Amino acid sequence: MTREHNFSFETKLLHNEHKYDPTNGAVSVPIQHASTFHQHSVDEFGKYDYGRSANPTREAFETVIANLEEGTNGYAFSSGMAAISTAFLLLSQGDHVVITEDVYGGTYRMVTEVLSRFGIEHTFVDMTDLTAVKQAIRPNTKVFYVETPSNPLLKVTDIRAISDLAKSVGALTFVDNTFLTPALQKPLLLGADVVLHSATKFLSGHSDVVAGAIVVNDPDLAKQIGFLQNSFGAVLGVQDAWLVLRGIKTLSVRMDFSIKSALQIANFLQNHPSVKKVYYPGLTDHPQYKIQKEQSEGAGAVLSFELESEEAVKQFVELTEIPVFAVSLGAVESILSYPAKMSHAAMPIEHRLKRGISQSLLRLSVGLEHPDDIIKDFSAALETIAAKNQGEIVR
Amino acid sequence: MYKNETKVAQIGNRSETQTGTVNPPVYFSTAYRHEGIGQSTGFDYIRTGNPTRKLVEAAIADLEGGDQGFACSSGMAAITTILAIFESGDEWIVSRDLYGGTYRILEQGFKKWGLSSTYVQTHDVSIIEQAITEKTKAIFIETPTNPLMEETDIQAVAELAKKYNILLIVDNTFYTPLLQRPIELGADIVIHSATKYLGGHNDVLAGLIVGKGKEVCEQLGFHHNSIGAVLSPFDSWLLIRGMKTLALRMKQHETNARELASFLKTHENVVDVLYPGRGGMLSFRIKKEEWVNSFLQNLNLITFAESLGGVESFITYPATQTHADIPEEVRFSIGVCNRLLRFSVGIEDVEDLIKDIDQALTRLSSEA
């Protein structure tokens with residue numbers, strides 16, 4: 001862009017330096033499939049030499065996400081886990097990570113089964129308990145790993161407090177910002193060093209692409225992540241980079257709609273006699289409601305709730321008609337997941353139960369359907385389950 | 001049992017019964033609906049398994065004679081995925097003359113996690129044997145090597161690996177399963193930068209791994225999913241599309257490379273020609289280092305670019321491109337000097353290629 005703009009976030013989603021192609025004016029970024037680029041001289045290589053190192057389409061997404069997170073550099077990966085794995089490559093043998101205990105199952109698996117074999121230690125803590133976090137610090141602690149809200153219990157971590165703590169011991173703060181996206185929360189502005197995304201989720205939002213991203217705002221970290229992205233090579237394909245860019249254009253409108261629906265659904269569930277507990281940071285009785293309000297502009301579109309039994313969960317899944325019963329989240333379609341057997345299946349049952357991820361917990365990612373339809377669907381399912389159980393008692 | 005030429009042409013055909021499509025659909029869906037708890041269709045989440053990716057994984061496993069294939073987002077992602085099955089304290093023995101990207105991830109990446117590598121010449125098995133220690137867990141070879149085009153006797157190395165209970169990993173990027181099937185010769189894992197000959201059109205970045213044996217495949221499958229450096233559905237489809245003409249392309253690459261090798265040997269401004277007699281890759285040294293830049297700029301048809309294995313001819317300068325991450329003294333000691341050029345011979349008319357090379361080389365001595 002020729003002029004310095006101070007556009008609001010919603011406008012920035014659509015109007016950025018890639019809004020049109022400089023050569024022909026195309027308003028959608030072209031997909032550059034070339035894996036390699038012609039060089040004109042041995043002494044002076046062009047900006048692009050090989051597709052893994054840099055690709056113009058991937059770069060467009062990388063600059064867009066960096067800009068949205070208010071960081072300086074963005075990096076795109078072939079999945080959220082590829083982004084997380086690459087970020088962990090910053091560590092060396094003998095380093096230690098303090099990590100939130102109800103972390104995504106895939107990250108849990110990476111830390112416990114891969115990093116541990118390469119001599120990188122970890123301690124799981126309740127990140128909402130600053131005393132516990134402080135106690136977990138060791139002389140070799142190099143990273144504090146935060147998911148907020150956490151998955152699947154939607155606990156909210158005070159990003160600034162953790163970042164300050166990390167800085168005081170010379171460690172980095174990684175924040176997985178998948179659930180809220182920069183539309184609602186910008187961890188770099190709260191002191192975090194590395195922002196991670198499964199761009200498969202809300203950023204793309206259409207259940208049609210798997211992608212990951214890292215954003216940083218420090219030149220030295222940027223250099224290191226850039227080096228690792230190129231060396232490891234878990235980069236995002238160009239077609240997929242384009243699909244993510246396409247999804248991002250509607251990020252704000254999708255988020256706004258889904259958040260409103262999520263709150264309505266959370267209220268409905270909380271008032272329903274068959275629902276034991278609702279986890280949603282947008283509810284005023286959520287334990288970290290205040291922090292959530294302070295550090296973000298919304299509670300997001302993911303909530304979890306507990307039914308009375310595992311049997312009730314099974315029936316609920318079979319009886320509901322609208323949400324797809326599947327893994328993943330952050331899509332135009334509402335997605336109902338069963339963490340015990342899906343997102344957190346990689347976590348041993350005793351660890352799951354200790355963290356409160358029970359066998360009767362369901363996670364709902366609220367999509368773009370009309371919330372009244374979802375509430376009607378859920379209400380009917382819960383009624384049928386209650387009637388059935390009552391029938392059994394009478395018999 | 002069909003021949004590989006037939007197999008590549010048929011990849012993805014008969015994969016779908018509902019419509020009878022001969023060209024497989026690209027499945028973009030990230031998630032798969034389950035009928036109920038515990039009722040999976042076999043597909044849950046795109047990173048774990050995708051029907052389009054599965055086709056290319058099955059195809060490469062079949063072509064290489066392995067048990068299972070894994071598609072990754074780049075050749076380097078494939079190598080890193082394999083590295084993840086090892087642990088701190090393990091050692092690798094690696095071809096001394098090696099792709100710079102592999103050298104970089106070993107030296108600047110996995111070294112800090114406690115996995116060390118010893119670099120040896122692999123044409124002589126006794127040299128490899130001398131390097132084996134109690135901690136050696138794998139031998140990683142490129143054959144032919146990049147860029148010096150030296151071949152290694154895979155079978156002999158495989159016997160050695162078996163004797164010491166070490167895994168043998170072979171980078172088969174340069175020859176593809178059409179010319180060389182390392183698993184049949186005793187290797188445990190084969191890897192490919194599928195960006196090269198398998199894709200073949202310089203339009204897709206991809207890596208493939210093939211494992212032989214239950215334990216190796218289980219470990220690779222676990223890390224493929226947990227690290228998540230997987231190949232996208234569209235890129236899987238592009239790779240399948242490229243692989244369908246692999247047999248035709250390899251024949252033409254090889255025919256052209258043979259003729260070019262003969263021509264280069266006779267040219268007065270060329271000192272050495274390194275060509276193993278098969279495949280489409282060759283390297284050569286020109287007489288003077290100061291000629292390199294002019295030579296590359298004199299080329300009208302052949303592209304000066306990194307990468308290889310595409311339909312278009314490429315010339316690469318290893319010193320500043322593919323092998324820039326290898327320290328200069330190491331590079332020089334193995335023969336990757338500043339006069340060495342690597343030629344990925346394309347499928348253009350060979351007379352046109354010879355003409356372009358000839359005029360670019362001849363102008364050097366007339367200018368000087």
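That block above? That's the structure.
Computed from a predicted structure; not experimentally measured.

Draft legend 1. Spotlight on the overall build of chain A. Counting secondary structure elements, chain A contains 14 helices and twelve strands. In summary, chain A has a C-alpha radius of gyration of 22 Å against a globular reference of 21 Å for 395 residues, a match within 12%. Along the three orthogonal principal directions, the C-alpha set of chain A runs to about 85 × 50 × 35 Å. Across the 395 residues in chain A, those meeting the buried criterion constitute 56%. Of the contacts made within chain A by residues no fewer than 6 positions apart, 72% connect residues no fewer than 24 positions apart.

Draft legend 2. How the structure looks around the sheet that holds strand S6 (residues 189-193) of chain B. Residue and element names in this part refer to chain B. Here seven strands make up an open sheet; going across it, the order is S1-S7-S6-S5-S4-S2-S3 and the pairing mixed. The sheet is open, and its two edges are formed by strand S1 (68-72) and strand S3 (116-120), each paired on a single side. Each adjacent strand pair in this sheet contributes to an overall mean axis angle of 20°, direction not counted. Sheet topology note: the strand S2 (residues 91-95)/strand S4 (residues 136-142) ladder contains four bridges and is parallel. Among the inter-strand pairings, valine 94 is bridged to a residue of S4, identified as phenylalanine 140.

Draft legend 3. Local environment of the packing of helix H3 (residues 75-83) of chain B against helix H4 (residues 100-109) of chain B. Residues and elements named next belong to chain B. For the pair H3 and H4, interaxial distance at closest approach is 10 Å and the crossing angle is 35°. Crossing of H3 over H4 shows right-handed handedness. Every residue of H4 that contacts H3 at Met76, Ile79 and Thr80 is listed here: Gly101, Thr102 and Ile105. By residue class, the composition of the contact of H3 with H4 is three nonpolar, three polar and no charged.

Draft legend 4. Representation of the sheet that holds strand S6 (residues 194-198) of chain A. Residues and elements named next belong to chain A. If you trace the seven strands from one edge of the open sheet to the other, you get S1-S7-S6-S5-S4-S2-S3, paired in mixed fashion. The sheet is open, and its two borders are formed by strand S1 (73-77) and strand S3 (121-125), each paired with just one other strand. Across this sheet, the average inter-strand angle for adjacent strands is 20°, counted without regard to direction. Pairing geometry for S6 and strand S7 (residues 212-216), over five bridges, is antiparallel. Residue pairing in the sheet places valine 195 in a bridge with valine 215 of S7. Set on the sheet, helix H2 (residues 56-68) makes contact with S1 and S7; between it and S1 the angle comes to about 130°. Docked against the sheet, helix H3 (residues 80-88) engages S1, strand S5 (172-176), S6 and S7, running at close to 40° with respect to S7.

Conventions and cut-offs
Residues numbered from 1 in each chain as written. Chains lettered and ligands numbered in written order. Predicted model: local features only at pLDDT ≥ 70, side-chain atom pairs only at ≥ 80, totals over all residues. Helix = DSSP H or I, 4+ residues; strand = E, 2+ residues; numbered from the N terminus. Rg over C-alpha atoms; globule rule 2.2 N^0.38 Å. Buried ≥ 20, exposed ≤ 12 C-beta atoms within 10 Å, placed from the backbone. Contact = placed C-beta atoms within 7 Å. Pairing = 2+ DSSP bridges. Axes fitted to C-alpha atoms, helices over the stretch in contact; angles between N-to-C directions. Left-handed = near helix turned anticlockwise from the far one by under 90°. Nonpolar A, V, L, I, M, F, W, Y, C, P; charged D, E, K, R; others polar.

No statement about biological role is implied by the geometric values presented.
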